[in-house]
Protein chains: 2
Amino acid sequence: MNSLQFTAESSSNGMRERDFTVGGVPGVLWSPASGTAGRAPLVLMGHGGGADKKHRAMVGRAHRLVTGCGFHAAVIDAPGHGDRPRSAQDEQEIAELRRAQTAGEPERPIIVRYNARLAELAVPEYRATLDALQELPEIGAEGPVGYVGIAMGTAIGVPLVAAEPRITAAVFGMMWHDALLEAAKRITVPVEFTMQWDNERVSRESSLALYDAFASREKSLHANTGRHVGMPMFEVDSSVRFFARHLLGRAGTSPA
Amino acid sequence: MNSLQFTAESSSNGMRERDFTVGGVPGVLWSPASGTAGRAPLVLMGHGGGADKKHRAMVGRAHRLVTGCGFHAAVIDAPGHGDRPRSAQDEQEIAELRRAQTAGEPERPIIVRYNARLAELAVPEYRATLDALQELPEIGAEGPVGYVGIAMGTAIGVPLVAAEPRITAAVFGMMWHDALLEAAKRITVPVEFTMQWDNERVSRESSLALYDAFASREKSLHANTGRHVGMPMFEVDSSVRFFARHLLGRAGTSPA
């Protein structure tokens, strides 16, 4: 077992923030500052490519989950991201990606391959992190667990959720379907899927194909006008409501 | 001018309900039972085919808009629906539709043609109704106006919103794009568009084509698993938030 070690702690804005490591992988756990009466659901998060565990998108999502629902939210640095060293292979993939982008060549095959390799490393890291976090009395091994990750967070999250039965609801979006189709077909938990209708990086067809592949009885597609970086803030609020419906067991669906 | 005549009034569940006619067309106006301090936005609604102004879907939407946001909500019977007589042509179209459905033949061309004819009649009726409702001191001519209509309510609503500059936000969904494409291309106001991913009546491709056609800078597509009759209740709540954002001028979008 890789045990959890807390390395720093602070509090602000209604959130308690604890940096941790599990098996050498650095992460952060956000919890209600006031403490909770009992156990509360955990939402695992995955950051985007080139970002890290404390990117403002992570802090912002965590804040809504923690202060809006009383949840715990946790994220770890992906391999080669944040406080983790880049391998020679990471450097090589990133150089190739930059070269393709500069030359105006398709980035899709590079991103798909690079993200698939990161996911292979990250999935067992997330599962070990979940093992360790569930040892905490305020989370526990019985509570519901969600996952949210956009772009690279989806490249890691789809195989993670396919492999991890403890995760019972997931929010994805904005990643090519190429390497994810088979894992998506094994996912049956509720999914909320976000896409940008005019995404200049991930094609509309690829996004619709990935959404279509999930075997979930309940899945929602949210498409909004705009480019890759431009997802409306109300989608973050929507994902929080999604987790409230599924992790708190609130009634939410019935025929209109 | 067709003036508004109130024909009945009651109150329940936090809503004041007033039946009215405008130029012989019967409608209903729901408003906050407590009255409002000043003027409040109006949401026009369009009912589905075979339904009428007091269908539970209309009452349910009105209740959320009125008690959740303090809005007024109004709907009129479509031609040949509710308290309005069916013409010989209505009877003929409906008989043909039933025949096709029984024979397992495509209903699409019949529904598209029938709904397009109803829309031609209904659009001026909605505009006259809006003229008359805006004479009421609690609504007024300056306030923002929304429109929500699914299925036949979309067949009428798309040409209505394209023609009517007073409507500044609209919720649509679940209607073939065939007769609506040109009108949709003239719509620039914010749109929320609902579809059922496994709709056995309106094809996925047709729904996506209609969503794609709106010229709106801000438009959101919400797709959910399930068949034509099975839209999740949380989409009704979503449409209420959509109107709150756009008719109350609340901040709602910024890069995530």
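Residues numbered from 1 in each chain as written. Chains lettered and ligands numbered in written order. Predicted model: local features only at pLDDT ≥ 70, side-chain atom pairs only at ≥ 80, totals over all residues. Heavy atoms only, no water.

### Here we look at the pairing of strand β8 (residues 191–196) of chain A
All names here are of chain A. Burial analysis of β8 places six of its six residues in the buried class, which makes it a mostly covered element. Both faces of β8 are covered, namely the face carrying V191, F193 and M195 and the face carrying E192, T194 and Q196. Where strand β7 (residues 167–173) lies against β8, four bridges are found, and the strand directions are parallel. When the sheet's bridge partners are listed, G173 is paired in β8 with T194. Sheet topology places β8 next to strand β9 (residues 219–224); six bridges connect them, and they run parallel. Looking across to β9, one finds that V191 is bridged to K219. Remark: the β8/helix α6 (residues 204–213)/β9 crossover connection has right-handed handedness. (Buried < 20%, exposed > 50% of the residue type's maximum accessible area, 1.4 Å probe, protein only. Helix = DSSP H or I, 4+ residues; strand = E, 2+ residues; numbered from the N terminus. Pairing = 2+ DSSP bridges. Right-handed = clockwise from strand over helix to strand, strands pointing away.)

### Looking at the interface of chain B and chain A
Of the residues lining the interface, 28 residues belong to chain B; the matching set on chain A comes to 29 residues. Summing the contributions of chain B and of chain A, the shared interface buries around 2,500 Å²; its carbon and sulfur component is 55%. Where D212 of chain B meets R204 of chain A, a salt bridge forms, and the shortest distance between an N and an O atom there is 3.0 Å. Counting every contact that joins chain B to chain A gives 14 residue pairs in polar contact (both at pLDDT 80 or more). Of all the elements in the fold, those that place two or more residues in the side of chain B that touches chain A are α6 (204–213), β9 (219–224) and α7 (233–247) of chain B. Considering only residue class, the side of chain B that touches chain A consists of 11 nonpolar, eight polar and nine charged. One ladder, built from five bridges, connects β9 of chain A with β9 of chain B; its direction is antiparallel. Within the sheet, the bridge partner assigned to S220 of chain A lies in β9 of chain B and is N224 of chain B. (Contact = heavy atoms within 4.5 Å. Buried area = accessible area lost by both parts, 1.4 Å probe. Salt bridge = Lys/Arg side-chain N within 4 Å of Asp/Glu carboxyl O. Polar contact = N/O pair within 3.5 Å; in protein donor to acceptor, adjacent residues only side chain to side chain. Nonpolar A, V, L, I, M, F, W, Y, C, P; charged D, E, K, R; others polar.)

### Section: the relation of the copies chain B and chain A
Of the two same-sequence chains, chain B is brought onto chain A (RMSD 0.0 Å, axial shift 0.0 Å) by a rotation of 180°. These values place the two chain copies in the arrangement generated by a two-fold rotation axis. If distances are taken from each C-alpha of chain B to the rotation axis, the shortest is found for H222 of chain B, at 2.4 Å. An overlap of 100% is found between the interface residues of chain B and their copies at the interface of chain A, pointing to a shared contact surface. (Least-squares fit on C-alpha atoms with pLDDT ≥ 70 in both.)

### Describing the pattern of salt bridges
Residues and elements named next belong to chain A. Going through the model one piece at a time under the given rule, you end up with 46 salt bridges over all chains. In this structure, E105 engages R99 in a salt bridge whose closest nitrogen and oxygen atoms are separated by 3.2 Å. Judged by its relative accessible area of 38%, E105 falls in the partly exposed class. Here R99 falls in the partly exposed class, since its relative accessible area comes to 44%.

### A look at empty space enclosed by the protein
Per the counting criterion, the structure on display carries two cavities of 30 Å³ or more. Its volume calculated, the largest cavity comes out at about 150 Å³. Listed by contribution, the elements that provide at least two residues to the lining of the largest cavity are α7 (233–247) of chain A together with α7 of chain B. Residue contributions to the lining of the largest cavity peak at six residues, all from α7 of chain A. Here the lining of the largest cavity is composed, by residue class, of three nonpolar, four polar and eight charged. (1 Å grid on protein atoms, 1.4 Å probe; cavity = no way out; pocket = protein on both sides within 12 Å on 5 of 7 lines; lining within 4 Å. Points joined across faces, edges and corners; volume = space filled by probe spheres on them.)

### Some thoughts on the packing of helix α1 (residues 56–69) of chain A against α7 of chain A
All names here are of chain A. Put simply, α1 and α7 touch, their axes get as near as 10 Å, and they point 45° apart. Classified by the angle between their axes, α1 and α7 sit oblique to one another. Our pair here, α1 against α7, has a crossing hand that is right-handed. Facing R61, R64, L65 and C69 of α1, the residues of α7 in contact are M233, V236, D237, S239, V240, F243 and A244. (Axes fitted to C-alpha atoms, helices over the stretch in contact; angles between N-to-C directions. Parallel < 35°, antiparallel > 145°, perpendicular 65-115°, else oblique. Left-handed = near helix turned anticlockwise from the far one by under 90°.)

### Regarding the packing of helix α2 (residues 88–103) of chain A against helix α3 (residues 108–133) of chain A
Residue and element names in this part refer to chain A. The geometry of α2 relative to α3 is characterised by a closest axis approach of 10 Å and an angle of 160° between their N-to-C directions. Relative to α3, the element α2 is oriented roughly antiparallel. Judged by the sense of rotation from one axis to the other, the crossing of α2 with α3 is left-handed. In this structure, α2 uses Q89, D90, E93, I94, E96, L97 and A100 to contact α3, whose residues at the interface are I110, I111, R113, Y114, R117 and L118.

### Quick notes on the packing of aromatic side chains
Applying the stated criterion across every chain yields a total of 14 aromatic pairs over all chains. Geometrically, the ring pair formed by Y147 of chain A and F172 of chain A is tilted, given 6.1 Å between the ring centres and 40° between the ring planes. With Y147 of chain A in strand β6 (residues 145–149) and F172 of chain A in strand β7, this residue pair connects regions lying 25 residues apart in the sequence. For Y147 of chain A, a relative accessible area of 0% translates into the label buried. Here F172 of chain A falls in the buried class, since its relative accessible area comes to 0%. Three or more aromatic residues joined by ring pairs make a cluster, and in this case those are Y126, Y147, F172, F193, Y211 and F214 of chain A together with W197 of chain B. Lying over the aromatic face of F234 of chain B, R245 of chain A brings its terminal NZ or CZ to 3.9 Å of the ring centre. Stacked on the ring of Y211 of chain B, the Lys or Arg K219 of chain B has its end atom at 4.9 Å from the ring centre. (Phe/Tyr/Trp six-rings, centres within 6.5 Å; stacked < 30°, edge-to-face > 60°. Lys NZ or Arg CZ within 6 Å of the ring centre and 35° of its normal.)

### Quick word on the pairing of β9 of chain B
Burial of β9 of chain B is extensive: six of the six residues sit out of reach of the surface. Burial of β9 of chain B is two-sided: the residues K219, L221 and A223 of chain B facing one way and the residues S220, H222 and N224 of chain B facing the other way are all buried.

### Things to note about helix α4 (residues 152–163) of chain B
All names here are of chain B. Counted at 1.5 Å a residue, the expected span for α4 with its 12 residues is 16 Å, and the 17 Å between its end C-alpha atoms agrees. For α4, the tally of buried residues reaches nine of 12 residues, placing the bulk of the element in the interior. Taken together, the buried positions of α4 are M152, G153, T154, A155, I156, G157, V158, L160 and V161. Buried residues in α4 make contact with β4 (42–46), α3 (108–133), β6 (145–149), β7 (167–173), α5 (181–185) and α6. (Expected span 1.5 Å × (residues − 1).)

### Topic: the side chain of E107 of chain A
Residues and elements named next belong to chain A. Residue placement: E107 occurs in the loop between α2 and α3. E107 gets classed as buried once you look at its relative accessible area, which sits at 13%. Sequence-distant contacts of E107, that is, excluding residues within four places in its chain, are made with L97, Q101 and R201.

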